[in-house]
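# Coordinate analysis (summary)
Chain by chain, the residues run as shown.
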Amino acid sequence: MRRTRILTVLLALAAGLLAGSPPTALAAGTPQAAVTADTYTWKNARVDGGGFVPGIVFNRTEKDLAYARTDIGGAYRWQESSHTWTPLLDHVGWDDWGHTGVASIASDSVDPDRVYAAVGTYTNDWDPGDGAVLRSADRGATWARTDLPFKLGGNMPGRGMGERLAVDPHDNDVLYLGAPSGHGLWRSTDAGATWSEVTAFPNPGNYAQDPGDTSGYASDNQGVTWVTFDESTGSAGTATKTVYVGVADKENAVYRSTDAGTTWERVAGQPTGYLAHKGVLDAENGYLYLAYSDTGGPYDGGKGRLYRYATATGTWTDVSPVAEADTYFGFSGLTVDRQNPGTVMATAYSSWWPDTQIFRSTDSGATWTQAWEYTSYPTRENRYTMDVSSSPWLTWGANPAPPEQTPKLGWMTEALEIDPFDPDRMMYGTGATVYGTENLTDWDDGGTFAIEPMVRGLEETAVNDLAAPPSGAPLLSALGDVGGFRHTSLTEVPSMMYTSPNFTSTTSLDFAEKNPDTVVRAGNLDSGPHIAFSTDNGANWFGGSDPSGVSGGGTVAAGADGGRFVWSPEGAGVHHTTGFGTSWQASSGIPAGAVVESDRVDPHTFYGFKSGTFYVSTDGGATFTASPATGLPSGDSVRFKALPGAEGDVWLAGGAADGPYGLWHSTDGGTTFTKLSGVDAADTVGFGKAAPGATYQTLYTSAEIGGVRGIFRSTDAGASWTRVNDDAHQWGWTGAAITGDPRVYGRVYVATNGRGIVYGDTAGDGGTDPGPGPAGACAVAYTITNQWSGGFQADVRLTNTGTSAWNGWSLDWAFAGGQRVTQMWNADHTRSGTAVTARNVGWNARVAPGASVGFGFTGEWSGTNAEPTVFRMAGRSCTTG
């Protein structure tokens, strides 16, 4: 949503993780670990979206070719056959992590195989590397790179303006790039291979969100923000003569060249006092439309205007759909219908409350209609319907009072595009997803148009922590912006993020090793508790209380039996409690800000680390004692974990370029540590199911081993390592968290900073989703207990007909008559079309052989209400009757 796109990187900075390429921490001649490679299949644990999409670009000459850019999660290409997005920048490696932020993207209309991306995440020192322009001749399958002598800001203020990068529609060897930070306008004449500054361009911009910001983030000059060609002023093979350029300067926002970029002048008569977020040209009618805001966005903006510039006469016309006095937002999203050029649309991108607004004109801006309006305040009438059943968490579990609605139409709506080949299709980006419609012109006929997520495959969450319990849901996640999820399936979108409370970001989570139904999470929240507990494996939550002074989530640890917790929040020192956080006591002997974890066997033992010192508590976190261990990383860029099933077995990863860096192991509860030779650098560590025939659990780490950065696996306690990713699957920075799966050998879950949760399986084992389902036979009795016009109620009884107990279950079926579940009790459920999956809640997960569990639901039907005939558990059919 808002703050945590920045917070994720600030947390990484605090941990010292953005120091660039780490050098080898071992002396010359140190023995290197044996390293092999394995072939893995990689997928995302589905969330679908979860972050800001500031740009969507359709190719103007090839139907169904479109791209999306994200602020920290790379770029994507639309796949029309499956209505999904394909990631294009997963090859970006650890040293170039900043190139996962995409400042702009451009699709070549002369040669649609060509696509370009301007990459770089921050223009201040948070990102140690310069920006680059990536170019591809195969639609993003492979890339070549040209480094720039300045930084780009895919996650900086103003990132929704644009597009900064543009390909000449007549001479596609010519590209322009608008640079931030006062670096001006740049041009390439060899299809992006080399770049030089357009020295004749007179204005590098002067607007900064907050000139007094000493971090350099909000004080950066947002620079040259968009480039638009007038295709009516050129012919094939010659450079387009007229080019318009937007500049972050409230008094001089729009410039033009009429001689193919040789000379430039400020466009006369233009409005002042605003920034031009977008400049979109309707060449057929000779109109340049401009969306203005009083700030650069994407969060802020209190006033705005829409203008139309007649390119032939130089006439400026205010075509704003509302009076300036009635705006409390800026305009940004802007598009024209290429099949019907008199149709133009725009968004009120910064209207957070009660909702964003979308405006539409079919007469070149003379008159407008809007996506929703008040009938009698606070009652709204919408021209649209929304179906978020494919991404049900988009409701945020909210129940707002009118005029707010859930799901929202959107927020941060700076990307808005009508398909140039299909006037009925429109896509727009929000702070959480991509929405779209395929019957847009019903708007003009007085009907409603249908909006739904068009985001599958685009995974943009920033992952702070991961946990894979031995029973229940296979994965629990702690995420920026959307809090996190209980992933009962890796291949389906979770029904809801954690609620009660709903953290803006979850910073840490843990479960009790011997009682995995007990889970704790800590996170950030503007108002409310910063800690929450669950007693049903994360299905339901309740907030705890905060010690005095807490300002952020920090890290939290659950005792092995779930009876004790230790919390190291921001703003307060380390605290401990018994029970569920109703009363916290300060821990002694450990400094504030320490990272805390629990022993996975002894419920009284907890561990901590701060500034090179390891700490141990054997009294439930009341008192800690500094370990005598030396040689550990001196900074706070450390993550460590205790091995399940082995008391006092601790692994510690971390370090920095200017000190010890690697992987350490302790078998005596942290009293002593041994550094593993051959591990040049390591940043995370996690455990998974032991390999067949092995007695020690499998280790996983994001590390540099044998001079290679990657994701590694060891089945022999670190004596040898296997790289399990490859150069095509690197995902930038992967230093937040890693864990194996305790139930599936070889499966590893990897945290990324913007590409969501990726998980890998060894070749031959990939694609098997264990879910919480049991192994064993089953029987189902399905009974319709009540039925009325359009609705019905049904009971389902599920029986374990096998010989072993179930510890969690998941039942799938499909309705033949198009029925739809509206409410379910005694089970959680998700649906996709006619398919339904019902899963246990915490208290009815265990089903003994011969025992049954029941649940019920209400539903809607039309036509017929035929009973399902096929029910499956873990892919196995159940008997019915």
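So, how was this worked out
- Residues numbered from 1 in each chain as written.
- Predicted model: local features only at pLDDT ≥ 70, side-chain atom pairs only at ≥ 80, totals over all residues.
- Heavy atoms only, no water.
- Helix = DSSP H or I, 4+ residues; strand = E, 2+ residues; numbered from the N terminus.
- Rg over C-alpha atoms; globule rule 2.2 N^0.38 Å.
- Areas by Shrake-Rupley, 256 points an atom, 1.4 Å probe, with all protein chains shown as cover.
- Buried < 20%, exposed > 50% of the residue type's maximum accessible area, 1.4 Å probe, protein only.
- Pairing = 2+ DSSP bridges.
- pLDDT = per-residue confidence, 0-100.
- Contact = heavy atoms within 4.5 Å.

### Overview of the overall build of the protein
- A count of helices and strands for the protein gives 1 helix and 72 strands.
- In terms of overall dimensions, the protein is globule-like: its C-alpha atoms have a radius of gyration of 28 Å, near the 29 Å expected for 881 residues.
- Dimensions of the protein along its principal axes, counting C-alpha atoms only, are 80 × 75 × 50 Å.
- Roughly 29,200 Å² of accessible area belongs to the protein as shown, and the carbon and sulfur atoms make up 48% of that amount.

### A word on the pairing of strand β24 (residues 344–348)
- Counting buried positions along β24 yields 5 of 5 residues, so the element is predominantly enclosed.
- Alternating positions in β24 separate into two faces, Val344, Ala346 and Ala348 on one and Met345 and Thr347 on the other, with burial throughout.
- Relative to β24, strand β23 (residues 331–336) runs antiparallel, the two sharing 4 bridges. Bridged to Val336 within β24 is Val344.
- As paired elements, β24 and strand β25 (residues 357–361) share 5 bridges and run antiparallel to each other. By the bridge assignment, Met345 is partnered in β25 with Arg360.

### Here we look at the sheet that holds strand β64 (residues 810–814)
- The strand order β66-β67-β64-β70-β71 describes an open sheet built from 5 strands, whose pairing is antiparallel. Each edge of the sheet is formed by a strand with only one pairing partner; in this case those strands are β66 (828–832) and β71 (876–877).
- Of the strand pairs in this sheet, β64 and strand β67 (residues 835–839) are connected by 5 bridges, and their pairing is antiparallel. Residue pairing for β67: Ser810 is matched across the bridge by Arg839.

### Some words on the confidence of the model for the protein
- Of all residues in the protein, 94% attain a pLDDT of 70 or more, and the chain-wide mean is 93.
- Considering only residues more than four positions removed or in separate chains, one finds that residues 1–32, a stretch of pLDDT under 50, has 84 contacts.

### So, the pairing of strand β20 (residues 287–293)
- Counting buried positions along β20 gives 6 out of 7 residues, so the element sits mostly inside the fold.
- In the sheet, strand β19 (residues 275–282) pairs with β20 via 7 bridges, with the strands oriented antiparallel. Paired with Leu281 across the bridge in β20 is Leu288.
- Hairpin connection from β19 to β20: 4 residues lie between these consecutive antiparallel strands, with Gly286 at a positive phi of about 75°.
- Taken together, the 7 bridges between β20 and strand β21 (residues 304–310) define a ladder with antiparallel strand orientation. Bridged to Tyr292 within β21 is Arg305.

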